[in-house]
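Residue strings, one per chain:
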Amino acid sequence: SSSGSDSGSEDSSLSDSELQEAFSRGQLKPGLNVVLEERPKRCNDVGGLKQCLSELKQQLAWVERLDVTLGQAVDPISQSASSKDAVDPENDFQREMSFYRQAQAAVLEALPRLRKLQVPTRRPDDYFAEMAKSDQQMQKIRQKLKSKQEAMERSEKAKQLRAMRKYGKKVQTEILQRRQKEKKNMLNAVKKYQKGLSDKLDFLDEEQTSSQGNKKGNTNQRIKKGPNAKRRYKNQKFGFGGKKKGSKWNTKESFNDVSSFRSSVAHNKGPGKGGKKALNKRPGKRARQKMKSRAR
């Protein structure tokens, strides 16, 4: 038993490479490797860690490292930096917002230091960098985006045209309905007038005024406009003779003036006259024959 424990301790002290060589030669047997159920004891080797850190650490200037370690930037709305405990790690929005605020704080700290060291932070105008995708691929993407944009514009125009047609049809139906209503009201008024239920003819006046509205508007415009320059020059040179057309039209006063009317001589029906029919009466057949025989 003592020899077995000694061999086990020797095997356990072997390195990994020696164990692999022993396994390839077939020297390892079941029972030699013991699985420890207890967790190995952890030791905090501060000295060893500091030694490793000193070996890895390089004394470089900040411009070569560009490391910035800060908290979150101040929220402009609440005017306070959100604390670390206030961020819920399960809430995606709060977590991403905390990263965003921390990046903002780092940028606000690093940019002035870079400008102080005269390090350019903006890309120059003639900057050229090799793209991850070729120009042909980007051209295809541009064409696809352009076709999508044109399709969206066409659909928007079609939508507007449909809306305009719908509005035009609505206006047209409203006009037709109004005309039908006016026609129906006029027919009802005519029927009432024919049956003697009403003695008003206002519907005729309304129809005439509605039909002559445009004509009156046009004549008023023409009257206000006045004659052209050629007509004014001729009026100044030859004078204006006055109104010719409509000079013999009756007026309201001349129509109502009946002082010159004489019933005794009206229509050639006065005393001693046979009237218009008597003057133009054709002689009979015998009289015409006698007149012919006399002429012979």
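In the block above lies the structure referred to throughout.
Residues numbered from 1 in each chain as written. Predicted model: local features only at pLDDT ≥ 70, side-chain atom pairs only at ≥ 80, totals over all residues. Heavy atoms only, no water.

Caption draft 1: Local environment of the overall build of the protein. Looking only at helices and strands, the protein features 11 helices and 0 strands. Each helix and strand of the protein, ordered N terminal to C terminal, gives the series α-α-α-α-α-α-α-α-α-α-α. Classification of the 296 residues of the protein by burial places 5% in the buried group. With an accessible surface of roughly 29400 Å², the protein has 53% of that area assigned to carbon and sulfur atoms. (Helix = DSSP H or I, 4+ residues; strand = E, 2+ residues; numbered from the N terminus. Buried < 20%, exposed > 50% of the residue type's maximum accessible area, 1.4 Å probe, protein only. Areas by Shrake-Rupley, 256 points an atom, 1.4 Å probe, with all protein chains shown as cover.)

Caption draft 2: Spotlight on the packing of aromatic side chains. All told, the structure shown has 0 aromatic pairs when counted by the stated rule. Between Arg113 and the ring centre of Trp62, over which it is positioned, the NZ or CZ distance is 3.9 Å. (Phe/Tyr/Trp six-rings, centres within 6.5 Å; stacked < 30°, edge-to-face > 60°. Lys NZ or Arg CZ within 6 Å of the ring centre and 35° of its normal.)

Caption draft 3: Broad picture of unusual backbone geometry. Positioned with a positive phi, Leu66 is a non-glycine residue whose angle comes to about 55°. Its location among the elements puts Leu66 in the loop between helix H4 (62-65) and helix H5 (92-116). Given the relative accessible area of 48%, Leu66 is considered partly exposed. Phi is positive for Gln118, close to 60°, though the residue is something other than glycine. Mapped onto the secondary structure, Gln118 falls in the loop between H5 and helix H6 (135-195).

Caption draft 4: Structural view of a nonpolar patch on the surface. Together, Val63, Leu66 and Leu117 make up an exposed nonpolar region whose accessible area comes to about 250 Å². Within the secondary structure, Leu117 is located in the loop between H5 and H6. Since its relative accessible area comes to 48%, Leu117 is described here as partly exposed. (Patch = residues over 30% accessible without salt bridge, like charges linked within 9 Å, V, L, I, M, F, W, Y side chains within 5 Å. Salt bridge = Lys/Arg side-chain N within 4 Å of Asp/Glu carboxyl O.)

Caption draft 5: Region of the structure containing helix H2 (residues 16-25). Taken across its 10 residues, H2 has 1 buried, putting it largely on the surface. Once H2 finishes, Gly26 follows within two positions and takes phi at roughly 85°, a positive value.

Caption draft 6: Representation of the side chain of Ser98 in the model. Tracing the backbone shows Ser98 in helix H5. Non-local contacts of Ser98, meaning those with residues more than four positions away in its chain, are made with Gln72 and Val87. (Contact = heavy atoms within 4.5 Å.)

Caption draft 7: H5, seen in detail. A rise of 1.5 Å per residue sets the reference length of H5, with its 25 residues, at 36 Å; its end C-alpha atoms lie 37 Å apart and thus fit the reference within 8%. Buried within H5 are the following residues: Ser98, Arg101, Ala105, Ala110 and Leu114. Along its buried surface, H5 packs onto H4. The N-terminus of H5 is capped by Asn91, whose side-chain oxygen sits 3.2 Å from the backbone nitrogen of Phe93. Positive phi shows up at Gln118, right after H5, with a value of about 60°. (Expected span 1.5 Å × (residues − 1). Polar contact = N/O pair within 3.5 Å; in protein donor to acceptor, adjacent residues only side chain to side chain.)

Caption draft 8: Structural context of a positive patch on the surface. Together, Lys159, Arg162, Arg165 and Lys169 make up a positively charged patch on the protein surface. Mapped onto the fold, Arg165 is located in helix H6. (Lys, Arg positive; Asp, Glu negative; His and termini not counted. Charge placed at Lys NZ, Arg CZ, Asp CG, Glu CD.)

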